[in-house]
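# Notes for the structure review
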Amino acid sequence: MKTLAKKISTAAIALLLFGAADLSHRSAAQNAIAPVNTAAQTIADKRPVIHAGGIRFGAYDPHGDFGAQQNVTTEHLFLPWEDVDLETLRVADAYALARGRNLLITVEPWSWDVDWRLTSAELRRKLFRGEYDANMRAIARLIAQLQSPVIVRWGQEMEDDSGRFSWSGWNPADYIAAYRRMMDIVRQEAPKTKLMWSPKGKPGLNAYYPGDTYVDFVGLSVFGLEPYDRIVHNGPRTFAEALRPGYDLVARYHKPVWVAELGYEGSDGYVKPWMETATLRQGDFPELQEVVYFNDRDVHAWPFNLGRPDWRVVDDASN
């Protein structure tokens, strides 16, 4: 088993905490950036409009674009359970405390170094042999020492069939058993921590539901990419249209729903409605409590040679 205590440089701490795999280890396909037609976009800052009395707002923000914004409720970070110095979680805790924010911690059951990643079958086999219990226990024990309120999101988008994650597409019973095993450890070591079950929002997600006692929040992923919408949906979709399929599937559980990952990119005419409605309270989504923006370029290439969309709210020529 790879060590949890692999050292990283101080300069890499921000990327580690706020969720970026080392680009030097990404495949050529992941790094490929095909041109996305955004010539009609002139909006310099596409961050969501925050509405009084609306949906709460959070961000995964490795570039710090939301660092000074007052109305951000949640700081989202991604954490692999291998090859990480967990002490750096204290940096995230201090950052969130200084801004009065909660922490949403997405624990990804793999290494961000693709040379160390297991196949799906290997991960499943080793997990059920208990070889990763210590990894999850170490994470949970440190979480118990943090001062910020914490929500743990483990093994997200489990119903995805694209091959993007080595824990997705498992037999539902296996995934449920794995999720419960890891969340039992969290509850043992950090009993104040809330739990988020976070499907992508695709048909079939309900088979992966781990049961009411293992879910405090449901998280969905909602991304809007204009050229993709035109190819797949025969035209641009609104935020509500993109949220609707997943929301309708999880509403039956009567759990608070978050959009745990939100992003949009396209022309002004496409982006502006997303900006204006993402945090607007809408009667069609009564369980929706918070949206969390994914403020970075996508780690993976999208289909149809669309490359890695840039969800970042402000343009960065260095990306």
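I will try to describe carefully the structure that is included in this document. (Residues numbered from 1 in each chain as written. Predicted model: local features only at pLDDT ≥ 70, side-chain atom pairs only at ≥ 80, totals over all residues. Heavy atoms only, no water.)

### Section: the pairing of strand E8 (residues 288-294)
- E8 sits mainly inside the fold: 6 of its 7 residues count as buried.
- Strand direction decides the pairing type here: strand E7 (residues 257-265) and E8, joined by 4 bridges, are parallel. Counterpart to leucine 262 in the pairing with E8 is tyrosine 293.
- Note that the unit made of E7, helix H9 (residues 268-277) and E8 has a crossover that is right-handed. (Buried < 20%, exposed > 50% of the residue type's maximum accessible area, 1.4 Å probe, protein only. Helix = DSSP H or I, 4+ residues; strand = E, 2+ residues; numbered from the N terminus. Pairing = 2+ DSSP bridges. Right-handed = clockwise from strand over helix to strand, strands pointing away.)

### Points about the packing of aromatic side chains
- In the structure shown here, the tally under the stated rule is 26 aromatic pairs.
- Consider the rings of tyrosine 60 and phenylalanine 294, whose centres lie 4.6 Å apart with planes at 40°: the pair is tilted. Of this pair, tyrosine 60 sits in strand E1 (residues 56-60) while phenylalanine 294 sits in strand E8, placing them 234 residues apart in sequence. For the pair tyrosine 60 and phenylalanine 294, a shared accessibility class is recorded, and that class is buried.
- Taken together, a centroid distance of 6.2 Å and an interplanar angle of 50° make the contact between tryptophan 81 and tryptophan 154 tilted. In this pair, tryptophan 81 is assigned in the loop between strand E2 (74-80) and helix H3 (89-99) and tryptophan 154 in strand E4 (residues 150-154), connecting sequence segments 73 residues apart.
- Accessibility expressed as a relative area gives 0% for tryptophan 81, which makes it buried.
- Under the relative-accessibility criterion, tryptophan 154 is labelled buried at 0%.
- These aromatic residues form a ring-pair network of at least three members: Tyr60, Phe78, Phe223, Tyr228, Phe294, Trp302, Phe304 and Trp311.
- The cationic tip of arginine 47 hangs over the ring face of phenylalanine 66; the distance from NZ or CZ to the ring centre is 4.7 Å.
- One cation-aromatic arrangement involves arginine 124 over tryptophan 170; the distance from NZ or CZ to the ring centre is 5.4 Å. (Phe/Tyr/Trp six-rings, centres within 6.5 Å; stacked < 30°, edge-to-face > 60°. Lys NZ or Arg CZ within 6 Å of the ring centre and 35° of its normal.)

### Some words on the environment of asparagine 71
- Residue position: asparagine 71 is located in the loop between E1 and E2.
- Each C-alpha atom of the pair asparagine 71 and glycine 100 lies 9.6 Å from the other, and the pair is 29 residues apart in sequence.
- Beyond its immediate stretch of four places on either side in the chain, asparagine 71 contacts Ile50 and Phe57.
- Within polar-contact distance, the side chain of asparagine 71 engages the side chain of glutamine 69 at 2.8 Å. (Contact = heavy atoms within 4.5 Å. Polar contact = N/O pair within 3.5 Å; in protein donor to acceptor, adjacent residues only side chain to side chain.)

### Re the sheet that holds E8
- Strand order in the closed barrel made by the 8 strands is E1-E2-E3-E4-E5-E6-E7-E8, with parallel pairing throughout. Ignoring strand direction, the axes of neighbouring strands in this sheet form an average angle of 30°.
- Sheet contacts for helix H6 (residues 172-189): E4 and strand E5 (194-197); angle to E5, the most-contacted strand, approximately 165°.
- Strands E5, strand E6 (217-225), E7 and E8 of the sheet are contacted by helix H8 (residues 239-250), whose axis makes an angle of about 150° with E6. (Axes fitted to C-alpha atoms, helices over the stretch in contact; angles between N-to-C directions.)

### Quick look at the pairing of E2
- Counting buried residues along E2, 7 of its 7 residues qualify, which places the element largely inside the surrounding structure.
- Alternating residues of E2 divide into Thr74, His76, Phe78 and Pro80 and Glu75, Leu77 and Leu79, and every residue in both groups is buried.
- Relative to E2, E1 runs parallel, the two sharing 3 bridges. Following the sheet pairing, alanine 59 is matched in E2 by glutamate 75.
- Here E2 pairs with strand E3 (residues 102-108) via 7 bridges, running parallel. Residue glutamate 75 lies in a different strand from E3, and its bridge partner there is leucine 103.
- Of the crossover connections in this fold, the one passing from E2 over H3 to the parallel E3 is right-handed.

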